[in-house]
Amino acid sequence: MANTKIPPELVDDQVFGRRNLIINGDMKVSQRTQDTAVTSQTAAVAVHCADRFYTELSGATVDIQRVSDGPEGHYYSQKVTMNGAFTASASQYVIPFETRIEGYDVQQLNYGTSGAKKLTLSFWIKSSKTGTYTVEFSNNNSGGGGKSSSQYTISSAGTWEHKTLTWVGDTTRAFENSNANELTLFWWMVAGTTFTSGTSQQGNSWDGGTNANRAAGVAGSAADDDYWQLTGVQLEVGDVATPFEYLGMGEQINLCERYYQIHGGPTGTHIWTGDITSGYYYYNMIDMRCQMSKAPTVTIQAAGYSGFNSINIASDSIYGIRAYVESSTTQARGYYQARYILDAEL
């Protein structure tokens, strides 16, 4: 049997094993809405559909949906569509896609040292609007961050195109070893002159955050129904884009649930029941499926009771939450039920 020689540079750049720093880059997990569209969104920044991918807006209105449309090898993509024509003022913008990476997950990049490693981003993009676009990397060190942008071109409307961009490492600013958002990726699609009047670094350098460079070359307007779709997002060490790293559904969900979990069905099926005595408190411990990135914000939905008053949260942590109610009567088989939404996004 002939031996196959593997180039050393591929081994050095960590081609083997878990290489993709992006969670849910194929948009496989969408806990919030599945494939239901979220329409007329104007929120400054929020996760709406596919897990781990934000949409950030200033002045614009969009519709967002995870759709069953992708290039070969990808079933899903995230689609953001303009809901009305939009011309950006100097400080306005549309960033249809944004993803954030925790500090614990980027320490191997050696940022802030002379050995800071290159990063290569690859992704599939489809749009009704051709032209020049920008992806921006933001190093969010609390002592003073840095930014670096790189341009790419969408050449053919309504066609999936594969893009590959490479960034040099930031030798000036380290990533803090914490659960904070240390590296953010922005896909700029429309922006005002505050963000477009400078020069793109093309991934070859970093600056201290010059706004004019962040979206250099990006158009200042979009028409009603213009859209952008994204999938197959992979970020890896080195200057070579390797084939997309597919994960099983169970593994992908587990990674997403570090940041967002749903306990109970749409009708509030997470239930406590038992005989109760009036005026007593009854507690229910809800364990996390995995350790969350931080103590989550808890939203209670579809609450229902028999013999109880409203549900409260006594405490929460990265390991679990403790719900409690006060009984309003003495009876057999009292119960309370709810759906608990746990949000620990970065």
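See the structure above.
Residues numbered from 1 in each chain as written. Predicted model: local features only at pLDDT ≥ 70, side-chain atom pairs only at ≥ 80, totals over all residues. Heavy atoms only, no water.

1. Looking at the pattern of salt bridges
Taken as a whole and judged by the stated rule, the model has 17 salt bridges. Among the salt bridges present, the one from Glu345 reaches Arg52, with a minimum N-O distance of 2.4 Å. Linking Glu345 in the segment after strand 22 (331-343) with Arg52 in the loop between strand 2 (45-47) and strand 3 (54-58), this pair joins segments that are 293 residues apart in sequence. For Glu345, a relative accessible area of 9% gives the class buried. Put simply, Asp69 and Lys126 hold a salt bridge, and the shortest N to O gap is 2.9 Å. Linking Asp69 in the loop between strand 4 (62-67) and strand 5 (77-82) with Lys126 in strand 8 (residues 119-127), this pair joins segments that are 57 residues apart in sequence. The structure contains a network of salt bridges with shared partners spanning Arg32, Asp51, Arg52 and Glu345. (Salt bridge = Lys/Arg side-chain N within 4 Å of Asp/Glu carboxyl O. Helix = DSSP H or I, 4+ residues; strand = E, 2+ residues; numbered from the N terminus. Buried < 20%, exposed > 50% of the residue type's maximum accessible area, 1.4 Å probe, protein only.)

2. So, the nonpolar core
Residues Leu121, Phe123, Phe137, Tyr152, Trp187 and Leu235 are the most contacted members of the largest nonpolar core, which totals 47 residues. It is strand 15 (residues 227-237) that provides the largest number of residues to this core, a total of five residues. Discounting chain neighbours no more than four positions away, the residues touching Leu235 are Arg19, Asn20, Leu21, Ile22, Ile101, Leu119, Thr120, Leu121, Phe137, Leu183 and Leu185. With 16 residues, the next largest nonpolar core counts Tyr282, Phe308, Val325 and Ala338 among its residues. (Core = buried A, V, L, I, M, F, W, Y, C linked by side-chain atoms within 4.5 Å. Contact = heavy atoms within 4.5 Å.)

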